[in-house]
Amino acid sequence: MRQLKGEIGVVAKADGSALFEMGNTRVIAAVYGPREVQNKGQQVNSKEALVRCEYRMAEFSTGDRRRKPKGDRRSTEISLVIRQTMEASILTHLMPRSQIDIFVQVLQADGGTRSACINAATLALADAGIPMRDIVTSCSAGYLCSTPLLDLNYIEDSAGGPDVTVGILAKMDKVTLLQMDAKLPMDTFENVMELAIEGCKAIANYIREVLLENTKRLECQRG
Amino acid sequence: MRDLQLSLNQTQRVRLEAALHELQSLAPAAAAAAAVTVADTIPVNDEDNILKGHGTSDQDGEVVATLCGVVERVNKLVYVRTLRARYKPEVGDIIVGRVIEIAPKRWRLEINFSQDAVLMLSSMSLPDGIQRRRTAVDELNMRSIFEENDVICAEVRGFQHDGSLHLQARSQKYGKLERGQLLIVPAYLVKRRKQHFHHLERYDVDLILGCNGFIWVGEHVVVGENTDKTEVKPALSTEVENFTPLETRKHICRLANAVRVLSALGFTLTVELIIETAEASVSSNVEINAMLGAEFYVHTAEAEAKRRADLLRKKSGAR
């Protein structure tokens, strides 16, 4: 597992914001809302909050500077993944007729951006005071040279082995996200999955620590 | 206004850390122990049937927090008081908001709630002060009362059946706010009090602490039922009237900066504390623009730590 670092309150204007680092992967997340629905047409169910997510990679985040148009398929897909994962945890029925916007921006990409984004979004949502069922954390795991690896970086990721990204609700022990981009035999998959879940739990513990410290600090200063 | 971008030097950093540490040690231990984060289990006695309030949910018979905050217990009720979250309106709250839209018979206001608040024309006292049915002409003249981007003070009337939030402004003290500054701070820093309108006579300034975290610092306006509002003033005299004396403007800026510093430090905003901070800046010869600097920031933190320590000592002395 690479070194984790989480910081709350990095965007002044946002309702909640966080910076999350997993090794060299560095992601910033900002949450706006719950606020009035901006585009009424998008609202499907007025009894629940609308969750929107936008994922972007900064142009300078990777080594080779490539022009990526905003609506490219990869980022649309990751936006959708993050949205669905977070929506599973947010108690949307408590905020009727409102919308929550999550913006995640990758500042530095070194593998596992998907996981880092989900972790950053969780921190930012908790900072914004949005009620959630549980803390969602995500971690990736792979299988190279017949050894399961946790939290792949870019080099490990591009080595061609399978890459499993898992997102779990830490306390309830439920899986909300599972993606794999290669084939794996059933028995090795179980090992890899187990490893990823262990990673998720470690991240959940860290996130909880960060949040608790932040809450205590705010309460003490308030007096 | 989350954090002022400060460049502290070494001594200032040490002093600030010491002050914040002092604040931490002064806070009652129970408060720190009651802090919870999302998905923490809240310990409760199984024997007494408890009521689960805001920010809690039931998972396999355990009470689990769904928010970050502090656990509060009132008799049987257990709930989580959030810190950094949007404003949760309660009936009767005095709020400050900004008009964002004029719709048929109503204004829509941004008040830092999850929806826009609605101020109906019928729940407004008309400028001529006469109680009567609102006519179509009134409706057409709505823009002469409030326009878009006007800052307004009003009271929470309640929720409608459809879940929208309605406001009312049936008194002379409510209405448009002019000639001042609107400051937006996190809502948890403003406590509900008996008095939210404050006239600081020494400065000739009005201070309104909106429960939604919108704070108004502006020139004092005389509120009276007898002020002859019907009198139409010629254009020239209104221009003269629009002039706010430089002294007052300076006071407004000083108080506004005091609020900014206090909210950046995350202290509960009370009138006394705001005035005290502004006074401290005057007595230590800090310029208005220097109030947002590192030195005054640290100074305020130290002063607050000292104030709380004194308070605690007095309390324990009385006991």
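Structure first, text after, so check above.
Residues numbered from 1 in each chain as written. Chains lettered and ligands numbered in written order. Predicted model: local features only at pLDDT ≥ 70, side-chain atom pairs only at ≥ 80, totals over all residues. Heavy atoms only, no water.

### Focus on the overall build of chain B
Move 1: Each helix and strand in chain B was counted, giving eight helices and 16 strands.
Move 2: When the backbone C-alpha atoms are referred to their principal axes, chain B occupies close to 65 × 55 × 40 Å.
Move 3: The buried share of chain B, reckoned over its 319 residues, is 47%.
Move 4: Taking as baseline every contact in chain B between residues at least 6 positions apart, the subset at least 24 positions apart corresponds to 65%.
Move 5: With the model as given, the accessible surface of chain B reaches about 17200 Å², and the carbon-plus-sulfur share is 51%.
Move 6: Side-chain charges of chain B comprise 41 positive and 43 negative groups, with the mean position of each set lying 2 Å from the other. (Helix = DSSP H or I, 4+ residues; strand = E, 2+ residues; numbered from the N terminus. Buried < 20%, exposed > 50% of the residue type's maximum accessible area, 1.4 Å probe, protein only. Contact = heavy atoms within 4.5 Å. Areas by Shrake-Rupley, 256 points an atom, 1.4 Å probe, with all protein chains shown as cover. Lys, Arg positive; Asp, Glu negative; His and termini not counted. Charge placed at Lys NZ, Arg CZ, Asp CG, Glu CD.)

### Some points on helix α4 (residues 186-222) of chain A
Move 1: With 37 residues, α4 of chain A extends 53 Å from end C-alpha to end C-alpha; this agrees with the ideal 54 Å at 1.5 Å per step.
Move 2: Just beyond α4 of chain A, the residue with positive phi is Gly-223 of chain A, at close to 80°. (Expected span 1.5 Å × (residues − 1).)

### Brief notes about the packing of aromatic side chains
All names here are of chain A.
Move 1: Going through the model one piece at a time under the given rule, you end up with four aromatic pairs over all chains.
Move 2: Their ring planes at 75° and their centres at 5.8 Å tell us that Tyr-32 and Phe-103 sit as a pair that is edge-to-face. With Tyr-32 in strand β3 (residues 25-35) and Phe-103 in strand β5 (residues 99-108), this residue pair connects regions lying 71 residues apart in the sequence. (Phe/Tyr/Trp six-rings, centres within 6.5 Å; stacked < 30°, edge-to-face > 60°.)

### A short note on the side chain of Thr-122 of chain A
All names here are of chain A.
Move 1: Within the secondary structure, Thr-122 sits in helix α2 (residues 113-127).
Move 2: Within the local environment of Thr-122, its side chain forms a polar contact with the backbone oxygen of Ile-118, the two atoms lying 2.9 Å apart.
Move 3: Leave out the neighbours within four places in its chain, and Thr-122 touches Met-86, Met-132, Ile-135 and Val-136. (Polar contact = N/O pair within 3.5 Å; in protein donor to acceptor, adjacent residues only side chain to side chain.)

### Details of the state of the cysteines
Move 1: Considering all chains together, one arrives at zero disulfides over all chains under this definition.
Move 2: For the unlinked cysteine Cys-220 of chain A, the closest cysteine sulfur is that of Cys-68 of chain B, found at 15 Å.
Move 3: For Cys-220 of chain A, a relative accessible area of 7% gives the class buried.
Move 4: There is no disulfide at Cys-153 of chain B, and the cysteine sulfur nearest it, in Cys-211 of chain B, is 9.9 Å away. (Disulfide = S-S within 2.5 Å.)

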